[in-house]
Structures are given as C-alpha cells and as structure tokens.
Amino acid sequence: MRPEMLLIPRPEGLYCPPGDFFIDPVRGVDRALITHGHADHARVGHGHVLATPQTLDIMAIRYGADHAGATQPAHFGEEIRIKDVTVRFHPAGHVLGSAQIEVEAGGLRIVASGDYKPRPDPTCTAFEPVNCDVFITEATFALPVFRHPDAQDEIAKLLKSLGRNPDRAHLVGVYSLGKAQRVIRLIRDAGYTRPLYIHGALQKLCDYYQGQGVDLGELLPATVAAGSKGDFAGAIVLGPPSAFGDKWARRFPDPLITFASGWMQVRARARQRGVELPLVISDHADWDELTDTIKTVSPGEVWVTHGREEALVRWCELEGIRAKPLNLVGYEDEGD
C-alpha cells in the first residue's frame, strides 16, 4: 500500500479511505478521530468522535455533551480496528489528553502528530516518539529562528517584575486550554504560593485539570465587584488574550500586560498587542525539537502541515528524507 492510499488531504481534513474516517476534520463528518481539544482541531457536528477520554471531556466542557452524535474513548496504546485499518493513540505532550494518531494498514504505518511538544510539561502526558513509515508533523515554529527558551526562566522574569512593581497588577494572557494550566503550574513550581486570580473563562478547564490530578494551588476569581482596585496590587491575574482589550483589564491597578506565547519571540507581535513583558512560553515544538523529532522517529517520508512548511520540507530534503507539504487549511495557533 502506498501512503497516498492510506491518508489523503481533502477539504474536510485528512481522510483515510480504507477506514472511512477523518483526522481533525475542519467541518462535520460521519466519523472523526480527534488529536486534542483545541478549537482548530476539535469541531462540533460529527456523527462519531474517537478521542482520548480527556479530549472527549474537554470537548464536552467547551461545546456541550451533545457536540457529536456518539463518542468513543481511545486510551493511549490501545489498538482499535476500524474496518481494514488499525489505529492507536500516543501521547503528544501538547495539552492534557493530546495525542498523535497512528494509522496502520497493509504493512504501512503513518503517524499524524497533531500539535506536539517534546519538552517536559507536568500538566500532560509526555510526548512519545513513534517509529513509522510516514510522519505527519506540524510546522507552527518551523523556522531556524524559533528556539524556545526554558519556560522556568521566563516565569522567573514574571516573578522578578512582580518584585520590582509591587503596586501593579500583572495581567498574564494565556489561552484557556493548556497554556493557562501550564503557566499556573510553572508559577507554582517556581515557589509562588500566594493565590492566583483567574478570569471566569478559565475556570471550568482549570477545575477539570485539578480534577485530573494537576495541582494548580489556590485560584480565585479575578473580579473587583466585591472589592477595590487596590486589592489586586502586586497580584498575578490570568485571563484569555481576548479579554485584555476590554474594560475587564482596565479594572486593575496600573496593569502590567504580559502574554505567554511562543510568538512573543517576535517583538513586533508583542508591540501590536501592547505587551509590556513578553513571556516566550510555547506548547509547540521549536525548530530544534521538530528536526530532532524527525531524526528520532526516523520515517521514510515526512508530510508537513499547518505552519512554516517550506523550510521544514527543505531541511528534510537536505537530510535525504522525502518530504512534501500537505497544505491543509483551517488550522491556527489557538494553543500558543
């Protein structure tokens, strides 16, 4: 069997003809296999969804229990037969429940990575390299200029700023799924034990992470309704970036705006968002991690999708690895 017979790009997403299913389709389909719960990968309206138990829980939290006609949990390493295809889910290290999806038929094995992060993260299961014939990799940060610093060093910058600006509320922009919980855990691991204040949009997913055994410490609502601006002087307040442009952010005393994202390495992006303290903390693989992962997985062929595809395809060619861009559309960077 040739790889193009096992998985092919279609407008809906990656399609598996012998299994009659899609991986992370961008519109409603009869059968969908979902890598993780971010909105650009996990959509509503599918007839049947196969995903890890945590991803199914997260989809229910975000979209409601009726987001699909039927759901089926897939545990890491479990072998599931779909028509003439065997599928297995493996940890991706991106967010809680995130998975790479291995598709095997006719002696051919393809691994669709979804979004992944090889570096350690206490809020989710660690990335697991899977040897395969074809590796489908994301390319969000697939340029040599993207080399992410140590996340704990970035948190040290936040805490240092807090010490220098005790009268200012530090507002940290974090996406609600994955980034928020990871940043909170990093702050705790740095020794910060005081309460953290969170926007209401983060509450349900933080509660879910806590219920899954991820200790986030004391979290309090970030509202001044029952107090005054001064109550938040020297506090760390976390919220979705979308909330920082409205009156919510202006309620806090002399707010110092920060944003945790791999894109904060691009200073122009930080300036455009009015970010005073950029924190380069990414939940995606950087250039070195992408290339190291490809070397570790040792595939015969690499397919590159949603990101800076050309540079990574070129790198593969220089390494003697067959590669091509998939040019899938509809995938953004919600997780970063």
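One can find the structure itself at the top, above this paragraph.
Just so it is clear, the structure is predicted and the values come from calculations on it, not from any experiment.

## Considering the nonpolar core
In step 1: Residues Val183, Ile236 and Leu238 are the most contacted members of the largest nonpolar core, which totals 33 residues.
In step 2: The element best represented in this core is helix H4 (residues 179–189), accounting for 5 residues.
In step 3: Not counting the four nearest positions on each side in its chain, Ile236 is found in contact with Leu158, Leu159, Leu162, His170, Val172, Ile187, Tyr192, Leu196 and Tyr197.
In step 4: Core analysis: the second largest hydrophobic core is formed by 26 residues, Leu7, Leu14, Ile110 and Leu328 among them.

## Comments concerning the packing of helix H7 (residues 287–297) against helix H8 (residues 309–318)
Axis angle and axis distance: for two packed helices, these are the angle between their axes and the distance between the axes, and together they describe the pair.
In step 1: Running from N to C, H7 and H8 cross one another at 40 degrees; their axes reach a closest spacing of 12 Å. Between H7 and H8, the interaxial angle falls into the category oblique. Crossing geometry of H7 relative to H8 is assigned as right-handed. On H8, the residues touching Trp287, Leu290, Thr291, Ile294 and Lys295 of H7 are Ala311, Leu312, Trp315 and Cys316.
In step 2: The residue makeup of the contact of H7 with H8, split by class, is 7 nonpolar, 1 polar and 1 charged.

## Let's talk about the sheet that holds strand E1 (residues 8–10)
In step 1: Overall, mixed pairing links the 6 strands, which are arranged E1-E2-E3-E4-E5-E6 in an open sheet. In this open sheet, the two strands that pair with only one neighbour each are E1 and strand E6 (68–73). Pairwise comparison of adjacent strand axes, ignoring direction, gives a mean angle of 30 degrees for this sheet.

## Some points on the environment of His41
In step 1: With respect to the helices, strands and loops of the structure, His41 is situated in the loop between strand E4 (31–33) and strand E5 (46–51).
In step 2: When the C-alpha atoms of His41 and Ala243 are compared, they prove to be 23 Å apart, with 202 residues separating the residues in sequence.
In step 3: Of the polar contacts made by the side chain of His41, one reaches the side chain of Asp115; its length is 3.2 Å.

## Section: the packing of aromatic side chains
In step 1: Counted according to the given criterion, the structure contains 11 aromatic pairs.
In step 2: For the pair Tyr116 and Phe135, a centre-to-centre distance of 5.9 Å together with 65 degrees between the ring planes defines the contact as edge-to-face. Pair noted here: Tyr116 is in the loop between strand E10 (108–112) and strand E11 (134–139) and Phe135 is in strand E11, with a separation of 19 residues, a long-range link. Accessibility classification places Tyr116 together with Phe135 in one group, the buried group.
In step 3: The structure contains a cluster of three or more aromatic residues connected by ring pairs, namely Tyr197, Phe232, Phe244, Trp248 and Phe252.
In step 4: Just above the ring of Tyr15 sits the side chain of Arg10; from NZ or CZ to the centre is 4.3 Å.

## Focus on unusual backbone geometry
In step 1: Positive phi outside glycine occurs at Asp20, with the angle close to 55 degrees.
In step 2: Judged by relative accessible area, which is 35%, Asp20 ranks as partly exposed.
In step 3: Although it is not a glycine, Ser298 adopts a positive phi angle of roughly 55 degrees.
In step 4: Among the structural elements, Ser298 can be located in the loop between H7 and strand E18 (301–307).

## Quick word on the packing of helix H2 (residues 53–63) against helix H5 (residues 203–211)
In step 1: Two elements in contact, H2 and H5, have axes whose closest approach is 10 Å; the angle formed by their N-to-C orientations is 155 degrees. Taken together, the axes of H2 and H5 are roughly antiparallel relative to one another. For the pair H2 and H5, the sense of crossing is right-handed. Across from Pro53, Gln54, Asp57, Ile58, Ile61 and Arg62 in H2, the residues of H5 making contact are Lys204, Leu205 and Tyr208.
In step 2: Of the residues contributing to the contact of H2 with H5, the split by class is 5 nonpolar, 1 polar and 3 charged.

## Considerations on the sheet that holds strand E16 (residues 256–260)
In step 1: On the basis of which strands lie adjacent, the open sheet formed by 6 strands has the order E14-E13-E15-E12-E16-E17 and parallel pairing. Each edge of the open sheet carries a strand with a single partner, namely strand E14 (219–221) and strand E17 (277–279). The mean inter-strand angle of the sheet, taken between neighbouring strand axes irrespective of direction, is 30 degrees.
In step 2: Sheet topology places strand E12 (residues 170–173) next to E16; 4 bridges connect them, and they run parallel. From the neighbouring strand, Leu171 faces E16, where its bridge partner is Ile257.

## Quick word on the pattern of salt bridges
Two side chains carrying opposite charge are able to pair once their charged atoms lie near each other.
In step 1: Inspection of the entire model under this criterion finds 21 salt bridges.
In step 2: A salt bridge links Asp288 to Arg147; the shortest N-O distance between them is 2.9 Å. One end of the pair, Asp288, is in helix H7; the other, Arg147, is in the loop between E11 and helix H3 (151–164), and 141 residues separate them in sequence.
In step 3: Accessibility expressed as a relative area gives 30% for Asp288, which makes it partly exposed.

## Examining H8
Structurally, the α-helix is built with 3.6 residues per turn, so residues lying three or four positions apart point the same way.
In step 1: Among the residues making up H8, those that are buried are Glu309, Leu312, Val313, Trp315 and Cys316. Down the axis of H8, the buried set is contained in an arc of 160 degrees. They therefore lie on one face. For H8, the exposed residues lying more than 90 degrees away from the buried face are Glu310 and Leu318.
In step 2: As for H8, its buried residues are in contact with E11, H7, E18 and strand E19 (322–325).
In step 3: Positioned one or two residues after H8, Gly320 has a phi angle of 80 degrees, which is positive.

Thresholds, definitions, all that
Residues numbered from 1 in each chain as written. Predicted model: local features only at pLDDT ≥ 70, side-chain atom pairs only at ≥ 80, totals over all residues. Heavy atoms only, no water. Core = buried A, V, L, I, M, F, W, Y, C linked by side-chain atoms within 4.5 Å. Buried < 20%, exposed > 50% of the residue type's maximum accessible area, 1.4 Å probe, protein only. Helix = DSSP H or I, 4+ residues; strand = E, 2+ residues; numbered from the N terminus. Contact = heavy atoms within 4.5 Å. Axes fitted to C-alpha atoms, helices over the stretch in contact; angles between N-to-C directions. Parallel < 35°, antiparallel > 145°, perpendicular 65-115°, else oblique. Left-handed = near helix turned anticlockwise from the far one by under 90°. Nonpolar A, V, L, I, M, F, W, Y, C, P; charged D, E, K, R; others polar. Pairing = 2+ DSSP bridges. Polar contact = N/O pair within 3.5 Å; in protein donor to acceptor, adjacent residues only side chain to side chain. Phe/Tyr/Trp six-rings, centres within 6.5 Å; stacked < 30°, edge-to-face > 60°. Lys NZ or Arg CZ within 6 Å of the ring centre and 35° of its normal. Salt bridge = Lys/Arg side-chain N within 4 Å of Asp/Glu carboxyl O. Arc of directions from axis to C-beta.

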